[in-house]
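Letter by letter, the chains look like this.
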Amino acid sequence: MQAIARRVGQQSLKPASPSISSLKSIYPLSDHCYGADHPRYGSTLATKGVGHLVRKGTGGRSSVSGIIATVFGATGFLGRYLVQQLAKMGTQVLVPFRGSEDSHRHLKLMGDLGQIVPMKYNPRDEDSIKAVMAKANVVINLIGREYETRNFGFEEVNHSMAEQLAMISKEHGGIMRFIQVSCLGASPSSPSKFLRAKAAAEESVLRELPEATIMRPAAMVGTEDRLLNQWARFAKKYGFLTLIGDGSTKIQPVYVVDVAGAIVSALKDDGTSMGKVYELGGPEVFRVHELAEIMFDTIREWPRYVKVPFPVAKAFAMPREILLKKVPFPLPNPEIFNLDQILAATTDTVVSENALTFNDLEIVPHKLKGYPIEFLIQYRKGGPQFGSTVSEKVSPDAWP
């Protein structure tokens, strides 16, 4: 036994095997040490896309694309569709999460075994963020929040976190692409704090990483959206829908799958999308009232509206903003009367005339009517095949 122990001890003192050396050459960051006094290096993003990283396989889920993407905000609405498309091409996706162990459960089935890697982290701990980015060569930031809570404000969630991710990616040394998802209408002069914070995040990211790609999606529509679902639930519960103002504000909603496809398309190109800003709006522009009509038509309910002037809507939403940080308990999340969204709704949110769009990414976005809003049939009274239809043009008051 002593002879065996001596042999094992001698083997453990031998230099690393060639296989381990080859792994270190693939992952040069394994010996990389971050510290409080670590210098902030210059940008090291590659000048070309990651398409050349495809190593083996036919390009499906069981292949290995060579892309290791850390997707911050992957457990959110857009995140699930982006993770699905990344995993479909053989990408290993690192999923940082801060909630319960169930928050990422729906993502694990989207990729092959071991390709979806959940990693618990603290967004306020820099070392925790570095740990989830250590092996990555692509970083995609989807973090965002349309309302403030007692613990997280607009500035921290939408700006400070994005700036921190850009700074860490800059010093990382192995990040080839950085994609920041912003919001259509982001502007330093916007009346919305959310849109001002998103604009500040864009500026900070491009200052740290001039080669980063900025995506500005419009209001996204899909099965788990927080637009048409909220409207339909409110209409089913109360029998009417509140329209802020007169419902004449123009918006350009986009199908969430198209936004995820645009991010993947930018990721796979030859670098032409680096350093550019894309505005991702749907093919059609609607007034809020017109979009509400489509929602009512789909759920087969007679449209009834209560138009709330902007000053009155602000008065309804103001108490939550005043009490948010003063009461010792969390307040309900705003749905219809969200003060920041009310302020944003005072101006049209459409794609700029000379902006880069889906066409520049070789993607044809879906029209809203049809499959993108088919999920609304779950709100039909009596089931998908039942309910009165607006097309009948029969007023409920005329019923016997």
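Residues numbered from 1 in each chain as written. Predicted model: local features only at pLDDT ≥ 70, side-chain atom pairs only at ≥ 80, totals over all residues. Heavy atoms only, no water.

What about helix H7 (residues 228-238)?
- All buried positions along H7 are accounted for by Leu-228, Asn-229, Gln-230, Trp-231, Ala-232, Phe-234 and Ala-235.
- Summarising the contacts, the buried residues of H7 are in contact with strand E7 (220-221), strand E8 (241-244) and helix H9 (288-299).
- Within two residues after H7, Gly-239 carries a phi angle of roughly 85 degrees, on the positive side. (Buried < 20%, exposed > 50% of the residue type's maximum accessible area, 1.4 Å probe, protein only. Helix = DSSP H or I, 4+ residues; strand = E, 2+ residues; numbered from the N terminus. Contact = heavy atoms within 4.5 Å.)

Description of the nonpolar core
- Core analysis: the biggest nonpolar cluster contains 42 residues, and Val-71, Leu-78, Leu-82, Leu-86, Ile-140, Met-215 and Ile-263 have the highest contact counts within it.
- Among the elements of the structure, strand E1 (68-72), helix H3 (77-88), strand E2 (92-97), strand E4 (138-141), strand E5 (177-181), strand E10 (254-255), helix H8 (256-268) and strand E11 (277-280) are those that each provide at least two residues to this core.
- A per-element tally of this core places H8 first, with eight residues. (Core = buried A, V, L, I, M, F, W, Y, C linked by side-chain atoms within 4.5 Å.)

Quick notes on the packing of H3 against H8
- Across the interface, H3 lies against H8 with an axial gap of 9 Å and an inter-helix angle of 50 degrees. Classified by the interaxial angle, the pair formed by H3 and H8 is oblique. Relative to H8, H3 is oriented so that their crossing is right-handed. Of the residues in H8, those touching H3 at Phe-77, Leu-78, Tyr-81, Leu-82, Gln-85 and Leu-86 are Val-256, Val-257, Val-259, Ala-260, Gly-261, Ile-263, Val-264 and Leu-267.
- Counted by class, the contact of H3 with H8 contains 12 nonpolar, two polar and no charged residues. (Axes fitted to C-alpha atoms, helices over the stretch in contact; angles between N-to-C directions. Parallel < 35°, antiparallel > 145°, perpendicular 65-115°, else oblique. Left-handed = near helix turned anticlockwise from the far one by under 90°. Nonpolar A, V, L, I, M, F, W, Y, C, P; charged D, E, K, R; others polar.)

Comments concerning the sheet that holds strand E6 (residues 213-217)
- Spatially, the seven strands line up as an open sheet ordered E3-E2-E1-E4-E5-E6-E11, and their pairing is parallel. Edge positions in the sheet fall to strand E3 (116-120) and E11, since each of these pairs with one other strand and no more. The mean inter-strand angle of the sheet, taken between neighbouring strand axes irrespective of direction, is 20 degrees.
- Note that E4 and E5 share four bridges and pair parallel. Considered in E5, the bridge of Val-139 is made with Phe-178.
- Here helix H4 (residues 126-133) sits on the sheet and contacts E1, E2, E3 and E4; the angle it forms with E1, its principal contact strand, is near 145 degrees. (Pairing = 2+ DSSP bridges.)

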